[in-house]
Amino acid sequence: MLTSLTSLTQAYTSQELIIAALLIPAVAAVLIPVFYKIPNLRELVTLVAAVALAMCTWSLYPRILAGEVPELKVWEVAPGLELAFKIEPLGMLFALIASTLWIVNSIYSIGYMRGNNEPRQTQFYVCFAVALSSTMALAFSANLFTMFLAYEALTLSTYPLVTHKGTPEAMKAGRVYMMLLIGTSMVLFLPAVILTWALTGSMDFTAGGIIPADGANALSPLVIGGLLALFVFGIGKAAVMPMHFWLPAAMVAPTPVSALLHAVAVVKAGVFSILKVVVYIFGIETLSSTNANAWIVYLASFCVLLASIIAMNQDNLKARLAYSTVSQLSYIVLGAALASAASITGGALHILMHAFAKITLFFCAGAIYVAHHKTEVSELDGIGKKMPLTMFAFMIATLSIIGLPPFGGTWSKWFLALGSLDANYQFACAVFMISSLLNIAYLMPIVSRAFFKPLPGHPEDKPVAIAEAPTACLIAITITMLGCIALFFYVNPALELIEMVDLGNRTDAASALNGVAPTGGTNGR
Amino acid sequence: MSALNWGAAEPHLPILLVMTPIFGALFSTFLRRGVLAWLLALIVTLSLPLMSITLLLKVLETGQPIIYKIGNWDAPFGIVYKVDQLSAYVLCVISFIGAVILPYARRSIAAEIEEPAQSWYITMYLLCLGGLLGIVITGDAFNAFVFLEISSLSTYVLIALGRHRRALLASYQYLIMGTIGATFYIIGVGLLYLVTGTLNFDDLSQRLSTAVADPGMRNATLTALGFIVVGLALKLALFPMHVWLPNAYAYAPSVATAFLAGTATKAAIYLLIRVVFSVFGTALSVEALPIPDLLLVLSLAAMFLASFSAVFENNAKRMLAYSSVAQVGYIMLGVALANQASMTGALAHIANHAIMKTALFLALGAVFYRIGSVLYSDMSGIGRKMPLTMAAFAIAGIGLMGTPGTSGFISKWYLAIGAIDAGLYSVVFMIVASSLISVVYIGRITEVVWFREPSPAAATAKEAPLSMLIPLWLLAGLTVYLGFDTRLTADVSAKAADILIGGIR
Amino acid sequence: MMDALQQFSAHYNYYITIFLMISGLFIVIARGNLIKKLIGLSLFQTSVYLLYLTPAKIVGGTAPIYDKNFTVYANPLPHVLMLTAIVVGVATLALGLALVVRIKEAYGTVEEDEIFTKDPESE
């Protein structure tokens, strides 16, 4: 299928495909309101755009694998501020995840929004398309300025989605969302960008990083650590505690928003940005040799555990999933902070694996809401009898999050744990293991409750009538659930892509894939 | 390079730029009907940006200032008009804003001003515009005072014509403050004249450098600097001398508010920059008196305190007025840091802020046109009824926050770089932190207009007419466009900053 | 002491100017009556005329019309400048008074504190 797609788009240069990937959702955002009176046509626009976007990204994929690094310099806004795009492997991976899941999510959205009779659907689809366009721009950004631009555009375009319901709670959540995301990005992220420019005279993502740790212009580890702190806290979308409050708050949004944006696009945009900054701005050598990353390792480990513990005490299903996301995002931040080849691989893989698992979980939560209007975990007794497929998918996704084979989550945890040992942070390895136990503790009870507890008010011996969510929702759930399984067996395409990541001169990413620790010799200094 | 051919009028463009609106004002008094006066003014104001752009292009092409000698009297004796990169740039901003508002003004004036006053209102508008252009173009300190008063007097009238009786009081308060400010300025100029015997800016700057050797003269010169800075700070509403501004903007007719917010304070800022940098130079204004330190503290105070006032405001026009005070703080911060990058940021923000704030006030004017109020309680839910108007408002508001992809970001970027160049890292954080407050006040009104249930007034509102939407969207579009294409703002500003910083002795 | 007196007598015009300036400004700030404020403002502006005009007059100087019989002339420029300033001052005063008339019509008073009690928000 991929080969036929590649031959279809052969005529286009990679630059044209980048432009197409950015413009397709944007054009969809313009077309959707045109058809606001004909819902079927309007949804068709979304679906066509989603498929076209995925075709773009998937036909770029083999070219990136072949070693091509397409660049697109759009415009120099001012000296140093250049609007430019460049596809490197991490961005490619992120773009693939977001664009592919957009198709699935669109199918799901149609079922959910119609099943719930939500108001203002046109606005919903428009904002969604704009958010996707911003996500693509972020994934393909070639420098900090472009990334920052896309980052802010993503925040602004998702704000109307969070406040979609227009209720006082939704407005309050919207305020938290805006203040935390815009606030952190303006007060911390922007100064970080400015300081990077002032200190190094460059903002381009460069293999091996641009922050000098030795040589004539070397920066002190303190400055590097401070700058890293500005980035990590400034990129509030990564939900590193204490900047995570927006994520549970954003759960008032309709479930498709929580699913694609607050399990995939927005939060992954955050951790992806951190990963990209660590790899291409700081350079993992710089970080590990100066030890400027140490405190973030501890902080992220703490977040992983604390968020899991908070998740256990949430009765609202979406809130529990949200805290679970906070915890899982910190895995990726931890992977970035460990700054070894294997941990970066693990972090990048976790973006993929967690995306599939968490979107499935959210889809299930939404399906339960559409079919039975239940939102609390304590209401889910015996629901598995009514919605067997949904709850089965929920279980599969849960297992993937925990990291059990044969599900995708296994791989990312494996590489993360390996990376922690490479970087000589043994305790981080322990954190991963404890956290897996905690995952079991907060997700498995939902599954067992759904399947093994009796349905309240229903005689035990009588068969239960099956009442699933709309078909569109079920299709989406099935696809992502199968994705969780397939990614265990077909992890190679993703690994090959991550293998392409240029970590700098002395470290060889390939060695990490073979399970061999990189022999940089800088770690123990 | 210049695409426009002015024929024989070409050498006289500097004087025409000032005289066209002033004579337009004169003739419009004879026109009894508001529509006719408006048509006349439309022609006049549309010609002005063409003139100023021609001047700007010419200056950029040659790199030399254009000197226009009135009555052919040579520089120290006669009055000269001097157009250099800085003044040509500010001329473009002011004349552009003046022209964009006019197509919008027709319906707004018809709705807000009673008929016999309509043509006089246009008269005052043109007079004010002429005065502001005069302040910027003149190369003579006393002439600048005359133009300052021409624009101020007409501004008082523009404000007093607001519908609410508080407009009268606001105008009166502004008259008192404005006159004190202008008089302070003229006292300073008088002292300079006593020291040097000249009023020409260039001549003044040359003679001052030798005159200050004498200690008595030096004291008089520094006193003059103090008077001028305080006087102009009053005019440009630098915190804490801004108290006249919120009421004046809030109760003036919509057109006047939009026009003044975009232009009036900018002309005063120009004059301050001109006097401090071109006339006094660093030797006096930086080393002898800590003017930049003072401006730095005041502008930081403006950025925070005025922004806080905006957060708790319930009248949208007053909210934006406080925001203007804060934004003036940004511009003055760039002036106070006094290096190449910060000055570029300050000058770029003159244009960027003029465009954004005018767009915001025009949007509010359209709301006022439809529902007769700009109180938050009346505006709630108006976004659903006037989506195009409020979408433009949102875009300009996002620009005000300094989000990347809008012109506000460009100014902030240069200001921050300037702060780093000056070694003031904490100021970088203050710049971004205060723009966070603007997120709060813009976010608050956005929430009111888009996500609340429509108020009784808003429920029956219709979208604004096309004549209002086109200027509004032009400015909103420019807010985004100038966030990407900075050749017109930051590049020109950088050249102007070169001259200012280079002019420092 | 003598020095100080001499200094004073040589520059007495400045002391008068400064006195007028400060008293004018004081009236503007201290008075609550809108008309009295305008009078103070006018006084303040008038002081500037003196600031410009008094140094322009040279003792024994005459009007600057070229004539063989005279060698010392007064400087004409400040006089011209002050003509303009007087025009500006008169215009300001007239506009201010017109505003006060309208304020009186609208509020029924010209006392600042009474106006503020009628319109508490306008402060």
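None of the values given here were measured: they were computed from a predicted structure. (Residues numbered from 1 in each chain as written. Chains lettered and ligands numbered in written order. Predicted model: local features only at pLDDT ≥ 70, side-chain atom pairs only at ≥ 80, totals over all residues. Heavy atoms only, no water.)

(A) Representation of the overall build of chain A within the structure. Across its full length, chain A carries 21 helices and 2 strands. A globule of 525 residues ought to have a C-alpha radius of gyration of about 24 Å, and chain A, at 22 Å, matches this closely. When the backbone C-alpha atoms are referred to their principal axes, chain A occupies close to 75 × 50 × 45 Å. By residue count, 64% of the 525 residues in chain A fall in the buried class. For chain A, restricting intrachain contacts to residue pairs at least 6 apart in sequence, the fraction spanning at least 24 positions comes to 81%. Surface summary for chain A: the accessible area is close to 17300 Å², and the carbon and sulfur share equals 67%. Charge-centre separation for chain A: the mean point of 25 positive side chains lies 11 Å from the mean point of 25 negative side chains. (Helix = DSSP H or I, 4+ residues; strand = E, 2+ residues; numbered from the N terminus. Rg over C-alpha atoms; globule rule 2.2 N^0.38 Å. Buried < 20%, exposed > 50% of the residue type's maximum accessible area, 1.4 Å probe, protein only. Contact = heavy atoms within 4.5 Å. Areas by Shrake-Rupley, 256 points an atom, 1.4 Å probe, with all protein chains shown as cover. Lys, Arg positive; Asp, Glu negative; His and termini not counted. Charge placed at Lys NZ, Arg CZ, Asp CG, Glu CD.)

(B) Layout of the overall build of chain B. Summing up its helical and strand segments, chain B has 21 helices and 2 strands in all. Against the globule reference of 23 Å for 505 residues, chain B gives a C-alpha radius of gyration of 21 Å, in line with a compact fold. The dimensions of chain B, computed from C-alpha atoms along their principal axes, are 70 × 55 × 45 Å. Burial analysis of chain B (505 residues in total) assigns 68% to the buried set. Sequence-distant contacts, at least 24 apart, represent 81% of the contacts inside chain B between residues at least 6 apart. Side-chain charges in chain B split into 28 positive and 23 negative, and the spacing between the mean points of these groups amounts to 10 Å.

(C) Representation of the packing of helix H10 (residues 255-282) of chain A against helix H14 (residues 341-372) of chain A within the structure. The N-to-C vectors of H10 of chain A and H14 of chain A enclose an angle of 170°; their axes lie 8 Å apart at closest approach. For the element pair H10 of chain A / H14 of chain A, the angle class is roughly antiparallel. (Axes fitted to C-alpha atoms, helices over the stretch in contact; angles between N-to-C directions. Parallel < 35°, antiparallel > 145°, perpendicular 65-115°, else oblique.)

(D) The arrangement of the arrangement of the chains in detail. Ranked by contact count, the leading pair among the 2 pairs of chains in contact consists of chains B and C. The smallest C-alpha distance separating chain A from chain C is 29 Å, and no contact links them.

(E) Representation of the pairing of strand E2 (residues 80-83) of chain B. Residue and element names in this part refer to chain B. Of the two faces of E2, the one lined by Val 80 and Lys 82 and the one lined by Tyr 81 and Val 83 are each fully buried. Bridge count for strand E1 (residues 66-69) against E2 is 4 bridges, and the pairing is antiparallel. Note that in E2 the partner of Lys 69 across the bridge is Val 80. (Pairing = 2+ DSSP bridges.)

(F) Expanded view of the packing of aromatic side chains. Here the structure, examined in full by the defined rule, presents 34 aromatic pairs over all chains. Both rings, one in Tyr 425 of chain A and one in Phe 427 of chain A, keep their centres 6.4 Å apart while their planes meet at 75°; by these two values the pair is edge-to-face. A residue is classified by how much of its surface remains accessible, and Tyr 425 of chain A, at 10% relative accessible area, is buried. Given a relative accessible area of 32%, Phe 427 of chain A falls into the partly exposed group. On the basis of an interplanar angle of 50° and a centroid distance of 5.5 Å, the ring pair of Phe 142 of chain B and Phe 145 of chain B is categorised as tilted. Of this pair, Phe 142 of chain B and Phe 145 of chain B both sit in helix H5 (residues 141-160), 3 residues apart, which is roughly one turn of that helix. We classify Phe 145 of chain B as buried; its relative accessible area is 4%. Positioned above the aromatic ring of Tyr 151 of chain A, the side-chain terminus of Lys 237 of chain A is 3.4 Å from the ring centre. (Phe/Tyr/Trp six-rings, centres within 6.5 Å; stacked < 30°, edge-to-face > 60°. Lys NZ or Arg CZ within 6 Å of the ring centre and 35° of its normal.)

(G) How the structure looks around helix H17 (residues 407-421) of chain B. Residues and elements named next belong to chain B. Its 15 residues give H17 an end-to-end C-alpha distance of 22 Å, which sits within 8% of 21 Å, the value for a rise of 1.5 Å per residue. With 14 of its 15 residues buried, H17 lies for the most part within the structure. Just beyond H17, the residue with positive phi is Gly 423, at close to 80°. (Expected span 1.5 Å × (residues − 1).)

(H) Local environment of the nonpolar core. Ranked by internal contacts, the top residues of the largest apolar core, which has 442 residues, are Phe 231, Trp 246 and Phe 282 of chain A together with Phe 142, Tyr 185, Leu 347 and Met 379 of chain B. Excluding anything up to four places from it in sequence, Tyr 185 of chain B contacts Ala 141, Ala 144, Phe 145, Phe 201, Phe 227, Ile 228, Gly 231, Leu 232, Leu 271 and Val 275 of chain B. (Core = buried A, V, L, I, M, F, W, Y, C linked by side-chain atoms within 4.5 Å.)

(I) Here's a closer look at the interface of chain B and chain A. Listed as interface residues are 31 residues of chain B and, on the opposing side, 33 residues of chain A. Together, the buried faces of chain B and chain A total about 2800 Å²; carbon and sulfur atoms form 80% of this surface. Our count for the contact surface shared by chain B and chain A stands at 1 salt bridge. Put simply, Glu 447 of chain B and Arg 175 of chain A hold a salt bridge, and the shortest N to O gap is 2.4 Å. For the pair chain B and chain A, the number of links is 4 residue pairs in polar contact (both at pLDDT 80 or more). If you list the elements that add at least two residues to the side of chain B that touches chain A, you get helix H16 (387-401), H17, helix H18 (425-451) and helix H20 (466-484) of chain B. (Buried area = accessible area lost by both parts, 1.4 Å probe. Salt bridge = Lys/Arg side-chain N within 4 Å of Asp/Glu carboxyl O. Polar contact = N/O pair within 3.5 Å; in protein donor to acceptor, adjacent residues only side chain to side chain.)

(J) Structural detail: the interface of chain B and chain C. Between chain B and chain C, the residue contacts involve 32 residues of the former and 40 residues of the latter. With both sides pooled, the region where chain B packs onto chain C buries about 3100 Å², and carbon together with sulfur makes up 76% of that total. The interface formed by chain B and chain C contains 0 salt bridges. At the boundary of chain B and chain C, one finds 5 residue pairs in polar contact (both at pLDDT 80 or more). Put simply, the parts of the chain that give the side of chain B that touches chain C at least two residues each are H5 and helix H6 (166-196) of chain B. For the side of chain B that touches chain C, the element with the highest residue contribution is H6 of chain B, accounting for 19 residues. Within the side of chain B that touches chain C, the residues separate by chemical class into 21 nonpolar, 7 polar and 4 charged. (Nonpolar A, V, L, I, M, F, W, Y, C, P; charged D, E, K, R; others polar.)

(K) Region of interest: the state of the cysteines. Residue and element names in this part refer to chain A. Under the definition given, this model contains 0 disulfides over all chains. Of all cysteine sulfurs, the one in Cys 429 lies closest to Cys 303, which takes part in no disulfide; the gap is 19 Å. For Cys 303, a relative accessible area of 0% translates into the label buried. Looking at Cys 473, it has no disulfide partner, and the nearest cysteine sulfur is the one in Cys 364, 10 Å off. Take Cys 473: its relative accessible area is 0%, and that puts it in the buried class. (Disulfide = S-S within 2.5 Å.)

(L) Molecular detail of the confidence of the model for chain A. Considering every residue of chain A, the mean pLDDT works out to 84; 95% of them sit at 70 or more. A low-confidence stretch, residues 506-525 of chain A stays under pLDDT 50, and its non-local contacts, those more than four residues away or across chains, total 31 contacts. (pLDDT = per-residue confidence, 0-100.)

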